[in-house]
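Chain by chain, the residues:
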Amino acid sequence: MAIRFLNTYTRTLEEFRPLDPAGKAVKIYTCGPTVYNYAHIGNFRAYLFEDLLQRHLESSGYDVQRVMNLTDVDDKTIRGCHAAGLPLAEFTQKYKDSFFEDLATLRIKPAMAFPSATDPVHIARMIEMIAHLVAHDYAYQAEDQSVYFRLNKFPNYGKLAHLNLDELRPSGRIRNDEYEKESVGDFALWKAWDEADGDVAWESPWGKGRPGWHIECSAMATELLGPEIDIHCGGVDNIFPHHEAEIAQSECCTGKQFVRYWLHCAHLMVESQKMSKSAGNFYTLRDLLEKGWSGREIRCVLLSVNYRLPLNFTFESLAGARSSLARIDAWVARLTETAGDEPHASAHPLASHNRFQQALDDDLNISGALGVLFDVIRASNRALDLGTFTPADARALLGWWDRVNAVLQFQREAEGAPKAVLDLVEARAAAREAKNWALSDEIRAQIEAAGWIVKDSKEGQKLTRK
RNA sequence: GGCGGGAUAGCCAAGUGGUAAGGCAGAGGUCUGCAAAACCUCUAUUCGCGGGUUCGAUUCCCGCUCCCGCCUCCA
């Protein structure tokens, strides 16, 4: 079955076919973070959706070329660096570094490139694009010296969001002082320097200033991936106006269809409420790690609801993820043990199907895919209980799990128990040998206090991380 | 006002014109020195409400209610 995605542009489920004539390479552009602060879990919900997308495409045989931009100049970064008394680059570097740490914590596969907006190469590309737009009448310099895109030159503006611009109701967010523009909807390509910018400025044919947010993505996307991109992702809030603007700028420059498939993920709610600092339910990844949750657990929660649906993040769901992962861990450990040294995999029916991948083919139906996983876990555990599973069967199941885990990245990182804990296990074995149950239980409590759980089985004690 | 998404058990959630996957939580059981894990059984006569089409609708159509998002630089 072919992979299908719900395309925001057409609002229909479309079969995915990459532009590459060989049908192999897939070009993806994803809107990345503005590096003025630590990213919050809502941001990471989007990045995890993109990770799932990339990993599923790769497991389907595609060669994914993904670019994620880093917005390191805008109102917020400028305000932030001034407040911190640091040069802009120094201020944003801290948050770039922490962003990459967070990606690793959540096991998000790094993109092929993470271009920064302030990279001179990209600034030059933005200026080049703006000059092209001005030269072809798609843009103009207003009285305030800023350069704006001339919206009435691009009738398709609004198509992605399915907005009829004539019917837009002013929302109060439009600044009254932007009277210099020909039309209220015209958006800035180049922002003329003003005092609040301080020393943040670049020279351009239109004077000192800085690029607008939208042109940044158009420039870096077309520069690194070419004029035509297969998939462009982001949060639903980016649909309008950001992605509309990207389409307008890019297509007026290249004359080609900028993006073939638009995928947008819904927002995250926390405890059924919109996440906000004032509501006290605003969490960065770091906040959750401090509370004792692991990156793997957070990954599991943020990934387990289809990207198009709002996701209600709760601590109950984190606890649920912890239980589910423990079950997966126990299952993998059991299979590993049963497989032993057996190098050959059998053709066990539980291991020779790709229903997991087929579920994901349907617009990344993660719930269906996880349903398949747990069905397989239960069925194989039952077979293991009955003793009808051979080492070769277990080896085959582990192979199946490897393919599934390549997408999910749920497997526990291998870690050995510290010497002190192993010593306790040994002491407990002696106590059990002597049928000293009281001592055995006491040592078990000590082991647990050290962060490990010991379980007794027919083959002896089994140690797992708590 | 416009546009879009949603409403399925305590919670999360899949799904189909033919009588409700899966996960978490909960109850009972098998196993165990006890636990834990695993497995088994149970937990929605029912899919927001009211009509309609149909032999049959949670699934299609119409109307309604409620929730959420966007409407010019928030993933």
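Just so we're clear, the structure is a prediction, and the values are computed from it rather than from any experiment.

Engineer: Could you clarify how one ought to interpret the packing of aromatic side chains in this entry?
Structural biologist: Remark: the centre distance and the inter-plane angle together describe each pair of aromatic rings, the angle taken between the planes. Under the criterion given, the structure shown has 20 aromatic pairs. Residues Phe44 and Phe99 carry aromatic rings whose centres are separated by 6.2 Å and whose planes lie at 15° to one another, so their mutual orientation is stacked. With Phe44 in helix H1 (residues 41-59) and Phe99 in helix H3 (residues 88-105), this residue pair connects regions lying 55 residues apart in the sequence. In this pair, the class of Phe44 matches that of Phe99, namely buried. Ring-pair connections join several aromatic residues into one group, and the members of that group are Phe44, Tyr47, Phe99, Phe100 and Phe114. Seen from the ring of Tyr138, Lys153 lies directly overhead, with NZ or CZ sitting 5.3 Å from the centre. Taking NZ or CZ as reference, Lys208 lies 4.3 Å from the ring centre of Trp193, over its face.

Engineer: So what exactly am I meant to see when it comes to the pattern of salt bridges here?
Structural biologist: Opposite charge on two side chains permits pairing when their charged atoms draw close. Within this structure, the stated rule accounts for 26 salt bridges. By sharing partners, the salt bridges in this structure join Asp51, Arg55 and Arg299 into a single network.

Engineer: What is the right way to look at the domain arrangement of chain A in this model?
Structural biologist: Interfaces are often sized by the amount of accessible area the parts lose when they come together. Domain annotation for chain A reports domain 1 (4-265), domain 2 (274-408) and domain 3 (419-465). Inter-centroid distance (C-alpha atoms) of domain 1 to domain 3 is 56 Å.

Engineer: What exactly am I supposed to notice about H1 here?
Structural biologist: Between its terminal C-alpha atoms H1 stretches 26 Å, which fits the 27 Å expected from 19 residues at 1.5 Å a residue. Burial runs high along H1: 16 of the 19 residues are buried. One or two steps after H1, the chain reaches Gly61, where phi turns positive at roughly 100°.

Engineer: So what exactly am I meant to see when it comes to the packing of helix H11 (residues 366-386) against helix H12 (residues 391-408) here?
Structural biologist: Two quantities define a packed helix pair, namely the angle between the axes and the distance from one axis to the other. It is the contact of H11 with H12, at a shortest axis distance of 12 Å, that shows an interaxial angle of 155°. One finds that H11 runs roughly antiparallel with respect to H12. Like other packed secondary-structure pairs, H11 and H12 cross with a definite hand, here left-handed. Along the contact surface, H11 presents Ile366, Leu370, Val372, Leu373, Val376 and Ser380, while H12 presents Leu397, Trp400, Trp401, Val404 and Leu408. Among the residues forming the contact of H11 with H12, the class breakdown is ten nonpolar, one polar and no charged.

Engineer: Just to check I follow, could you spell out the nonpolar core for this structure?
Structural biologist: Counting 78 residues, the largest nonpolar core has Phe44, Leu57, Ile231, Phe313, Trp331 and Leu373 as the members making the most contacts within it. Lining this core are residues from two domains, each supplying at least three of them: domain 1 (4-265) and domain 2 (274-408). With residues near it in sequence (within four places) discarded, Ile231 still touches Phe5, Phe16, Val26, Lys27, Ile28, Tyr29, Leu53, Leu57, Val259, Tyr261 and Leu263. If you look at the next biggest cluster of nonpolar residues, it comprises 46 residues, including Leu151, Tyr157, Ile239 and Trp262.

Calculation criteria
- Residues numbered from 1 in each chain as written.
- Chains lettered and ligands numbered in written order.
- Predicted model: local features only at pLDDT ≥ 70, side-chain atom pairs only at ≥ 80, totals over all residues.
- Heavy atoms only, no water.
- Phe/Tyr/Trp six-rings, centres within 6.5 Å; stacked < 30°, edge-to-face > 60°.
- Helix = DSSP H or I, 4+ residues; strand = E, 2+ residues; numbered from the N terminus.
- Buried < 20%, exposed > 50% of the residue type's maximum accessible area, 1.4 Å probe, protein only.
- Lys NZ or Arg CZ within 6 Å of the ring centre and 35° of its normal.
- Salt bridge = Lys/Arg side-chain N within 4 Å of Asp/Glu carboxyl O.
- Domains from an automatic or database assignment.
- Expected span 1.5 Å × (residues − 1).
- Axes fitted to C-alpha atoms, helices over the stretch in contact; angles between N-to-C directions.
- Parallel < 35°, antiparallel > 145°, perpendicular 65-115°, else oblique.
- Left-handed = near helix turned anticlockwise from the far one by under 90°.
- Contact = heavy atoms within 4.5 Å.
- Nonpolar A, V, L, I, M, F, W, Y, C, P; charged D, E, K, R; others polar.
- Core = buried A, V, L, I, M, F, W, Y, C linked by side-chain atoms within 4.5 Å.

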